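# Structural description and commentary
Residues per chain, in single letters:
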Amino acid sequence: MSPPVSSDLGYVPPDGGWGWAVVFGASISVGFAYTFPKAFTIYFKELQAVYSISYSQIAWITSIMCATTYGGGPISSILVNRYGSRPVVMFGGLLCGIGMVSAAFCTSIMQLYICVGFITGLGLALNLQPSVIMIGKYFLKRRPIANGLAMAGSPVMLCTLAPLNQFLFDSFGWRGSFLILGAILLNCCVAGALFRPIGPGTASVKTQVTGEEKGALKQEVTEDAMEISSPTNLPMKNKTEEEGDRDCCEKINRYLDFSLFKHRGFLIYLIGNVLMFLGFFAPIIFLAPYAKHTGIDEYSAAFLLSILAIVDIVARPATGIIANSKWVRPRIQYFFSFSIAFNGVCHLLCPLASSYTGLVIYSVFFGLAFGMVCAMLFETLMDLVGAARFTSAVGLVTIAECCTILLGPPIGGMLIDTFGDYKYMFVKCGVVMVLAGTFLFIMNYYNYRVLAKEEKERKAREEDPKTVRTENEGRNNWIKETTQDGPELEPLREEQAGPKKEVNGIREV
């Protein structure tokens, strides 16, 4: 069972008020970040004909866009820690607009990779992470519900953008559509304006950094004293280099907390999600092209994405409400594992859908499973590491996930080109996601068993007076042994021995 995570931000989140405006802005930013790569697949057939390229080559556009969106996580986290969420999101919206307007004038597929993939993808990255981070700063008790509502922006956008893209393409062609989409993406700047900074969050971070700097200063003074008393002093040049390396590491750790790689739950989450994303995006990217391949008309194929989005709209807030219940929230990691495995089962059954009715049924269940995973994707990470370390955690997770996100759709396109059939792509994605869900379920069960055992041992040590007495005797023996170190450490020993006498006095009473 997952231990409850209390607020570690230095203040109590309001769980409402202006937070609901933040949720609305986050739903717009998250909606564009998740939906735009999927809705862009409407133009695949036309771009293939214009540039005479294969399925795997055209799939690289959305792969690069998704990989840049996730790979830009550390950059986004550093900028948020430095400047705050509001300016980062507004700058990201500007990048999105510039990328799509530039794409309208591209004359080769390589130029589309740069404009749509890298520039627009980076703009979406600067929208995704800050939006999720702001929700964690405004909500604690209602955080799963707030995350579910914010994530619901993705299916709302998909339900709107999929038919809109088809209409724009029929009316203005793909170049004119890209110009209009660039203008639409500028609404991310409006969403970012709603992200008002909250309370003492920034002050808390500065206080923590200041405390770490003081601790580092004390440690340096102690080391200098020991070096002076030592007969083998290091040269001043080496000492300066070591201090420079230490300062560099401290500056990096202010923005990205690499100690998370020692966190067992974080590593389990990271490995499971990296495996999951190898099959997460490919089915939704190739759903409309698959329907067209089976002889379904373009508008009916685009409507499949709208059906998926409509179900997704209901699934995400409903999943947030269920995850916030007292029965599920302590076990939210297991619920997340089940959602991933359920997603994989849907893909494994997709090749059985041989008609439009079958694809509609698949879209309904796929929308349900997809919404469940997306609603808990960041909530489970925040449940593991807490809100204070979430900024660094989401940056480190997204940079690791971008590799499989980049490779997933092209591998699916390669299978389609090789076998001339879409079913192998769906089977591959289904197997990968079932394995990822099973891995997360088993490893989270193991992690919680270990955590319960460690907590039990800790309480036993606190309740056992013999253990406490043995630890105190060990400290006293260490103090006696250090009396041979010379007079330089005498003040330090007196400071350490003072509190021990008081503790021992209380214990003897």
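Residues numbered from 1 in each chain as written. Predicted model: local features only at pLDDT ≥ 70, side-chain atom pairs only at ≥ 80, totals over all residues. Heavy atoms only, no water.

What follows concerns empty space enclosed by the protein. One pass over the structure, following the stated rule, counts two cavities of 30 Å³ or more. Reported here for the largest cavity is a volume of approximately 50 Å³. Along the walls of the largest cavity sit A33, Y34, P37, C66, T69, Y70, L128 and F281, which together make up its complete lining. Of all elements in the fold, only α1 (19-39) and α3 (55-71) reach the threshold of two or more residues within the lining of the largest cavity. (1 Å grid on protein atoms, 1.4 Å probe; cavity = no way out; pocket = protein on both sides within 12 Å on 5 of 7 lines; lining within 4 Å. Points joined across faces, edges and corners; volume = space filled by probe spheres on them. Helix = DSSP H or I, 4+ residues; strand = E, 2+ residues; numbered from the N terminus.)

Turning next to unusual backbone geometry. With a phi close to 55°, D15 is a non-glycine residue in the positive phi region. Tracing the backbone shows D15 in the segment before α1. Although it is not a glycine, S52 sits at a positive phi angle of roughly 55°. By the element assignment, S52 lies in the loop between α2 (44-51) and α3. Overall, S52 belongs to the exposed group, its relative accessible area being 65%. (Buried < 20%, exposed > 50% of the residue type's maximum accessible area, 1.4 Å probe, protein only.)

With that out of the way, let us pick up the packing of helix α16 (residues 332-349) against helix α19 (residues 423-463). Contact geometry of α16 with α19 gives a least axis separation of 7 Å together with a crossing angle of 165°. Judged by the angle between their axes, α16 and α19 are roughly antiparallel. Here the hand of the crossing between α16 and α19 comes out left-handed. Across the contact of α16 with α19, the residue classes break down as 17 nonpolar, eight polar and no charged. (Axes fitted to C-alpha atoms, helices over the stretch in contact; angles between N-to-C directions. Parallel < 35°, antiparallel > 145°, perpendicular 65-115°, else oblique. Left-handed = near helix turned anticlockwise from the far one by under 90°. Nonpolar A, V, L, I, M, F, W, Y, C, P; charged D, E, K, R; others polar.)

Moving on to the nonpolar core. F40, L112 and F178 are the most contacted members of the largest nonpolar core, which has 120 residues in total. The element that contributes the greatest number of residues to this core is helix α17 (residues 356-385), accounting for 15 residues. Those residues in contact with F40 that sit more than four places away from it in its chain are L47, I61, T62, M100, V116, N165 and F178. (Core = buried A, V, L, I, M, F, W, Y, C linked by side-chain atoms within 4.5 Å. Contact = heavy atoms within 4.5 Å.)

All right, on to helix α5 (residues 85-103) then. The terminal C-alpha atoms of α5, which comprises 19 residues, lie 27 Å apart, in line with the 27 Å expected from a rise of 1.5 Å per residue. Buried within α5 we find S85, V88, V89, G92, G93, L95, C96, G97, G99, M100 and A103. Residues of α5 that are buried make contact with α1, α4 (73-83), α6 (109-138), α8 (153-185) and α9 (187-193). (Expected span 1.5 Å × (residues − 1).)

Before going further, it helps to examine the pattern of salt bridges. Applying the stated criterion across every chain, the model contains five salt bridges. The shortest N-O distance in the salt bridge between R264 and E454 comes to 3.7 Å. Of the two residues, R264 sits in helix α12 (residues 264-276) while E454 sits in helix α19, which places them 190 residues apart along the sequence. R316 is paired through a salt bridge with D312; the nearest N and O atoms lie 2.8 Å apart. Taken together, the positions of R316 and D312, both in helix α15 (residues 298-323) and four residues apart, correspond to about one turn of that helix. Assessed through its relative accessible area of 1%, D312 is described here as buried. Salt bridges linked by common partners bring E455, R458 and E462 together as one network. (Salt bridge = Lys/Arg side-chain N within 4 Å of Asp/Glu carboxyl O.)

Worth remembering: the numbers are spatial, not functional.
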